[in-house]
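A structural walkthrough
Now for the letters of each chain:
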Amino acid sequence: MARYGTDGTRTASTTLSVLELVADGTTARRMSIYDWIMGSGATPADNAFEWQLRRVTAAGTPAGGSTVNIEPLDSADVAALADATEGRTTDRTIDADSLLSIPLNQRASFRWVAAPGGEIITPATVSLGIVVMTPTSAAVAVSTSLHFSE
Amino acid sequence: MAGRVQGYAIWTGGDFSGPAEADTFTCSHCQRVVFIKPRAPASESGGWCGRCDALICGRCADKGVCTPWEKQLERIEAKAEQDRMLMAMGIG
């Protein structure tokens, strides 16, 4: 399995995802997410955030957003099949429960890394995957990065 | 618990005087990431599933049934393939 990285940026929203990473719409493959980093590049301020990693449970009818590049960590590897989108105006169908929920001061950053065997695995089903949400947030620029293997 | 660590988390900046770190494990049933309490038994962070011989989160421990995530993945993928075939046949 090759390893890839992608990142997303948006003005934080309490209802819309920062970054969506889903299986390709034609050729779906399982993804193993093993690294998640997030923070804010806005002027430092004491605002409360909650960051969540949640599953996309159905393709839904998403709208808006911008496609973001997914880069192979080894440039000799083939391009990823998965699709990444930042800044959706309407998200896909998302699980109400989170896989990882992190309260965080806007001034702080957080990183989670999985050891082999501890990765979050998404099904090889078209348009299913993972989103990064900020259900508690201030309307400032935030960024997140995901590393995964496919 | 040390031998079952499956992840690592680090917070930097904010109000911390230095980086804050924690070990994690990933629930083998639902894949929720759980923070490990140092030197605590498995029951304080979640539980242990004797059937799949792996750490699970508190919610899955309370359910009392073994539903490994790998099996759930297979079910999701099989259903999606079935739905795709039905649509290709013009049914559903």
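In the block above lies the structure referred to throughout.
First, a word on what this report is: a plain description of the structure on this page. (Residues numbered from 1 in each chain as written. Chains lettered and ligands numbered in written order. Predicted model: local features only at pLDDT ≥ 70, side-chain atom pairs only at ≥ 80, totals over all residues. Heavy atoms only, no water.)

Notes on the pairing of strand S7 (residues 83-90) of chain A
All names here are of chain A. Our working rule: DSSP bridges decide pairing: two strands pair if at least two such bridges lie between them. Helix numbering and strand numbering both begin at the N terminus, where a helix is a DSSP run of H or I of at least 4 residues and a strand a DSSP run of E of at least 2.
Where strand S2 (residues 19-22) meets S7, 4 bridges bridge the pair, whose relative direction is antiparallel. If you follow Leu-21 over to S7, its bridge partner there is Ala-84. As paired elements, strand S5 (residues 63-68) and S7 share 5 bridges and run antiparallel to each other. Opposite Ser-66, over in S7, you have Glu-86 as the bridge partner.

Here's the deal with the nonpolar core
Counted only if it meets this: Definition used in this section: a nonpolar core is a set of buried Ala, Val, Leu, Ile, Met, Phe, Trp, Tyr and Cys residues joined via side-chain atoms within 4.5 Å. Relative accessible area decides the class of each residue, using a 1.4 Å probe on protein chains only: under 20% of the type maximum gives buried, over 50% gives exposed, and in between gives partly exposed.
Core analysis: the biggest nonpolar cluster contains 39 residues, and Leu-21, Trp-36, Trp-51, Phe-110, Leu-146 and Phe-148 of chain A have the highest contact counts within it. Contributions of two or more residues to this core are made by S2, strand S3 (31-39), strand S4 (48-58), strand S8 (93-105), strand S9 (108-114), strand S11 (129-136) and strand S12 (141-149) of chain A together with strand S1 (7-13) of chain B. In terms of residue count, S3 of chain A provides more of this core than any other element does, 5 residues in total. Residues Phe-25, Cys-49, Ile-56 and Cys-60 of chain B belong to the second largest nonpolar core, which totals 10 residues.

Points about the layout of surface pockets
Empty pockets left among the atoms are what a rolling probe the size of a water molecule brings to light. The test is simple: The way it works is a 1 Å grid over only the protein atoms, where trapped points that fit a 1.4 Å probe form a cavity and open points with protein on both sides within 12 Å along at least five of seven lines form a pocket, and then any residue with an atom within 4 Å of a point lines it. Grid points are joined across faces, edges and corners, and a volume is the space filled by probe spheres set on the points. For this classification, the nonpolar set comprises Ala, Val, Leu, Ile, Met, Phe, Trp, Tyr, Cys and Pro, the charged set comprises Asp, Glu, Lys and Arg, and every other residue, Gly included, is treated as polar.
There is about 400 Å³ of room inside the largest pocket. For the largest pocket, the lining is made up of 21 residues, of which Arg-55 and Asp-95 of chain A together with Cys-30, Trp-69 and Gln-72 of chain B are closest to its centre. Where the lining of the largest pocket is concerned, the elements lending two or more residues are S4 and S8 of chain A together with helix H2 (58-63) and helix H3 (69-88) of chain B. Among the elements that take part in the lining of the largest pocket, S8 of chain A stands out by supplying 4 residues, more than any other. The residue inventory of the lining of the largest pocket, partitioned by class, reads 9 nonpolar, 6 polar and 6 charged. The volume enclosed by the second largest pocket comes to roughly 210 Å³. If you trace the second largest pocket, you find it lined by Thr-26, Thr-27, Ala-28, Ala-124, Thr-125 and Val-126 of chain A together with Glu-77, Ala-80, Glu-81, Asp-83, Arg-84 and Met-87 of chain B. Here the residues of the lining of the second largest pocket are counted per class, giving 5 nonpolar, 3 polar and 4 charged.

Examining the sheet that holds S8 of chain A
Residue and element names in this part refer to chain A. Selection criterion: Lines fitted to C-alpha atoms define the axes here, with helix axes fitted over just the stretch in contact, and angles between the N-to-C directions of these axes take values from 0 to 180 degrees.
Sheet architecture is open: 6 strands sit in the order S5-S7-S2-S11-S4-S8, paired in antiparallel fashion. Only two strands of the sheet have a single neighbouring strand rather than two, namely S5 and S8. Neighbour-to-neighbour, the strand axes of this sheet turn through a mean angle of 30°, independent of strand direction. In the sheet, S2 pairs with S11 via 4 bridges, with the strands oriented antiparallel. For Leu-21, the partnering residue across the bridge sits in S11 and is Ile-130.

A word on the pattern of salt bridges
Residues and elements named next belong to chain A. Using the following cut-off: A carboxyl oxygen of Asp or Glu within 4 Å of a side-chain nitrogen of Lys or Arg is what we treat as a salt bridge.
Under the definition given, this model contains 10 salt bridges over all chains. Two residues, Asp-46 and Arg-107, come together in a salt bridge whose shortest N-O distance is 2.8 Å. Taken as a pair, Asp-46 in the loop between S3 and S4 and Arg-107 in the loop between S8 and S9 lie far apart in primary sequence, 61 residues in all. Assessed through its relative accessible area of 52%, Asp-46 is described here as exposed. Put simply, Glu-20, Arg-88 and Arg-92 are held in one network by salt bridges that share partners.

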